[in-house]
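# Structural features, examined
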Amino acid sequence: MSEHFRVQGGARLVGEVSVVGAKNSVLKLMAAALLAEGTTTLTNCPEILDVPLMADVLRGLGCAVDIDHDKVTIVSPPKPNHRADFASMSKLRASVCVLGPLVARCRKAVVALPGGDAIGSRPLDMHQNGLRQLGATTGIEHGCVVAEAENLHGAQIWLDFPSVGATENILMAAVLADGTTVIDNAAREPEIIDICVMLQQMGAKIEGAGTSTLTVHGVQSLQPTEHRVIGDRIVGATWALAAAMTRGDITVLGVDPGHLNLVLEKLRSAGAEVTTVTEPQQGFRVVMDGRPKAVDFVTLPYPGFATDNQPFAVALAAVAEGTSMITENVFEARFRFVEEMMRMGADARTDGHHCVVRGIEKLSGAPVWASDIRAGAGLVLAGLCAEGVTEVWDVFHIDRGYPQFIENLQRLGADVQRVSAPPER
Ligand code: UD1
């Protein structure tokens, strides 16, 4: 049954919302469980569609996986299967993170090329180059990445770009390689620190987590562990922008405000009052009284403004006072959703990796289609500031990344519903 979200615009969002573990962390931590035989337990996991999809990928590799609300338990076998098939891999991009652990553990991996969001080309050249430098042979055969290594050895690796996925795959292979690996121009995202912390608990020797240079001293084997997933900074940013756009007052708990420094600073420039919170959990509060002022945004790897937050920035700009320029530097096709926002009356124009948006007082509700997780959430935010009803279709994208999205919006006072019905033609 096709589902859509029905958003009646106009409400001011007020209240408290709790954010659980990060999608972009938990999926990699689940893959990391492959590195150690035995039972790994992850807590604070988000109840989103991508977690059971990743569980299916791991089951296909011989793991037993149990999901009990926010707790995911993975039993990794003595000898994982090294083939990850297309049926499970095609459903989510993060599945490619089994590549590094499989090469490390089985010395061989045949991993179907993953699916994921339609946000532009997502090559794996840096993942493969890194594995080659660690001593593996790798290539693409029949739609799969094939990697094989008799022995993995330490290496000096310079990444062309601080790719999150490449850093994670190389890191997870290097922890079980002979000798020392240095990854330069490594990604510095909080999720990279999270995986380093978990790997260290498992016995890995890693220095420099959160900096551009990761040094990994390979060990013979790792032990399973229990780990709490860090709060989702992208979901946190979604609520922060929702507060600013609806002239609301939202306290966001369960996420480290230090992970959103730039987002919160931009909201201050837009006119919001932002304070940090420490009790009962760490978080922050965003209060906006008037119409937001236009601000420019430029996406960059962390600590730059996250590309995942870019659709929310465009939504904010659409209702802000003045003209904003949003520059996308990470994914080439991440402005696809702007056309959907234009259906809602947004005065926006894209040219290459720039988008100029002239803010208008009110958008106008329309049927729109979500093309990926964050685009979908951005369209819901736009709908909250629109006159009349916005129907956001293809909400399975949003369900892949946002636990309890509709319920949380309703608790904050939004007039939104999940509707199961075929689209009117
Ligand atoms: C992860 C996140 C995604 C986020 C992105 C950037 C997950 C599941 N997804 O994606 O939400 O938007 O980080 O913060 O965690 N690239 C290459 N060759 C490679 C690898 C990457 O050219 O081998 C390019 C990509 O095409 C893209 C850029 O590098 O233009 C950044 O990609 P990367 O950081 O790898 O993103 P993901 O790990 O795929």
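Structure first, text after, so check above.
Each value, and the rule that gives it
Residues numbered from 1 in each chain as written. Predicted model: local features only at pLDDT ≥ 70, side-chain atom pairs only at ≥ 80, totals over all residues. Heavy atoms only, no water. Helix = DSSP H or I, 4+ residues; strand = E, 2+ residues; numbered from the N terminus. Rg over C-alpha atoms; globule rule 2.2 N^0.38 Å. Buried < 20%, exposed > 50% of the residue type's maximum accessible area, 1.4 Å probe, protein only. Contact = heavy atoms within 4.5 Å. Areas by Shrake-Rupley, 256 points an atom, 1.4 Å probe, with all protein chains shown as cover. Lys, Arg positive; Asp, Glu negative; His and termini not counted. Charge placed at Lys NZ, Arg CZ, Asp CG, Glu CD. Near = heavy atom within 4 Å. Polar contact = N/O pair within 3.5 Å; in protein donor to acceptor, adjacent residues only side chain to side chain. Nonpolar A, V, L, I, M, F, W, Y, C, P; charged D, E, K, R; others polar. Pairing = 2+ DSSP bridges. Axes fitted to C-alpha atoms, helices over the stretch in contact; angles between N-to-C directions. Salt bridge = Lys/Arg side-chain N within 4 Å of Asp/Glu carboxyl O. Patch = residues over 30% accessible without salt bridge, like charges linked within 9 Å, V, L, I, M, F, W, Y side chains within 5 Å. Phe/Tyr/Trp six-rings, centres within 6.5 Å; stacked < 30°, edge-to-face > 60°. Lys NZ or Arg CZ within 6 Å of the ring centre and 35° of its normal.

### Here's the deal with the overall build of the protein chain
Secondary structure summary: the protein chain contains 14 helices and 26 strands in total. What you see for the protein chain is a C-alpha radius of gyration of 21 Å, in line with the 22 Å of a compact globule of 425 residues. Dimensions of the protein chain, computed from C-alpha atoms along their principal axes, come out at roughly 65 × 45 × 40 Å. Relative to its full complement of 425 residues, the protein chain shows a buried share of 58%. Within the protein chain, residue pairs in contact and separated by at least 24 positions form 73% of the contacts whose partners lie at least 6 positions apart. Element-wise, carbon and sulfur atoms account for 48% of the exposed surface of the protein chain, whose accessible area totals about 16,100 Å². Once the 36 positive and 49 negative side-chain charges of the protein chain are each reduced to a mean point, those two points are 1 Å apart.

### Comments concerning the site of the ligand
Every one of the 20 residues lining the ligand counts as a neighbour, but Lys-28, Asp-125, Ser-163, Asp-308 and Val-330 are closest to it. Within the backbone of Val-330, one N or O atom sits 2.5 Å away from an oxygen atom of the ligand. Across the complex, the protein chains shield 87% of the 740 Å² of accessible surface that the ligand would expose by itself. Contributions of two or more residues to the shell around the ligand are made by helix H1 (23–32), helix H5 (125–133) and helix H6 (164–174). With 3 residues, the top contributor of residues to the shell around the ligand is H5. Across the shell around the ligand, the residue classes break down as 8 nonpolar, 6 polar and 6 charged.

### Some remarks on the sheet that holds strand S23 (residues 367–369)
A sheet is described by the order of its strands in space; here 4 strands give the open sequence S23-S25-S1-S26, paired in mixed fashion. Either end of the sheet is taken by a strand with one partner, and the two such strands are S23 and strand S26 (415–420). In this sheet, neighbouring strand axes are inclined to one another by 25 degrees on average, regardless of whether the strands run parallel or antiparallel. Relative to S26, strand S1 (residues 3–8) runs antiparallel, the two being bridged by 6 bridges. Along S26, the bridge assignment pairs Val-7 with Val-416. In the packing of helix H12 (residues 373–384) onto the sheet, the strands contacted are S1, S23, strand S25 (389–393) and S26, and the crossing angle to S1 comes to about 30 degrees.

### As for the pattern of salt bridges
One pass over the full model with this rule turns up 17 salt bridges. The residue Asp-308 makes a salt bridge to Arg-334 at a minimum N-O spacing of 3.6 Å. Here Arg-334 lies in the loop between strand S19 (323–327) and helix H11 (338–343) and Asp-308 lies in the loop between strand S18 (297–298) and helix H10 (310–319), a separation of 26 residues in the sequence. Summarising the burial analysis for this pair, Asp-308 and Arg-334 share the class buried. One salt bridge in this structure joins Asp-347 and Arg-358, with 3.9 Å as the shortest N-O distance. Of this pair, Asp-347 sits in strand S20 (residues 347–351) while Arg-358 is found in strand S21 (residues 354–358), placing the two residues 11 residues apart along the sequence. Residue classification places Asp-347 among the partly exposed positions, given a relative accessible area of 32%. By relative accessible area, Arg-358 is classed as partly exposed at 42%. Residues joined by salt bridges that share partners form a network here, namely Glu-3, Asp-399 and Arg-418.

### A closer look at a negative patch on the surface
The grouping of Glu-47, Asp-66, Asp-68 and Asp-70 at the surface amounts to a negative patch. With respect to the helices, strands and loops of the structure, Glu-47 is situated in the loop between strand S3 (38–43) and helix H2 (50–60). Given the relative accessible area of 52%, Glu-47 is considered exposed.

### Some details on the packing of aromatic side chains
According to the stated counting rule, one finds 4 aromatic pairs in the structure shown. With a centroid separation of 5.6 Å and 40 degrees between ring planes, the pair formed by Trp-239 and Phe-405 is classed as tilted. Remark: Phe-405 occurs in helix H14 (residues 405–411) and Trp-239 occurs in helix H8 (residues 233–245); sequence separation between them is 166 residues. Taken as a pair, Trp-239 and Phe-405 share a single burial class, namely buried. Summarising the aromatic geometry, the rings of Tyr-402 and Phe-405 are spaced 4.8 Å apart at their centres and angled 45 degrees between planes, so their arrangement reads as tilted. Overall, Tyr-402 belongs to the buried group, its relative accessible area being 3%. Within the aromatic cluster, the residues linked to one another by ring pairs are Trp-239, Tyr-402 and Phe-405. Across from the ring centre of Phe-297, 5.6 Å away, lies the NZ or CZ of Lys-266, which sits over that ring.

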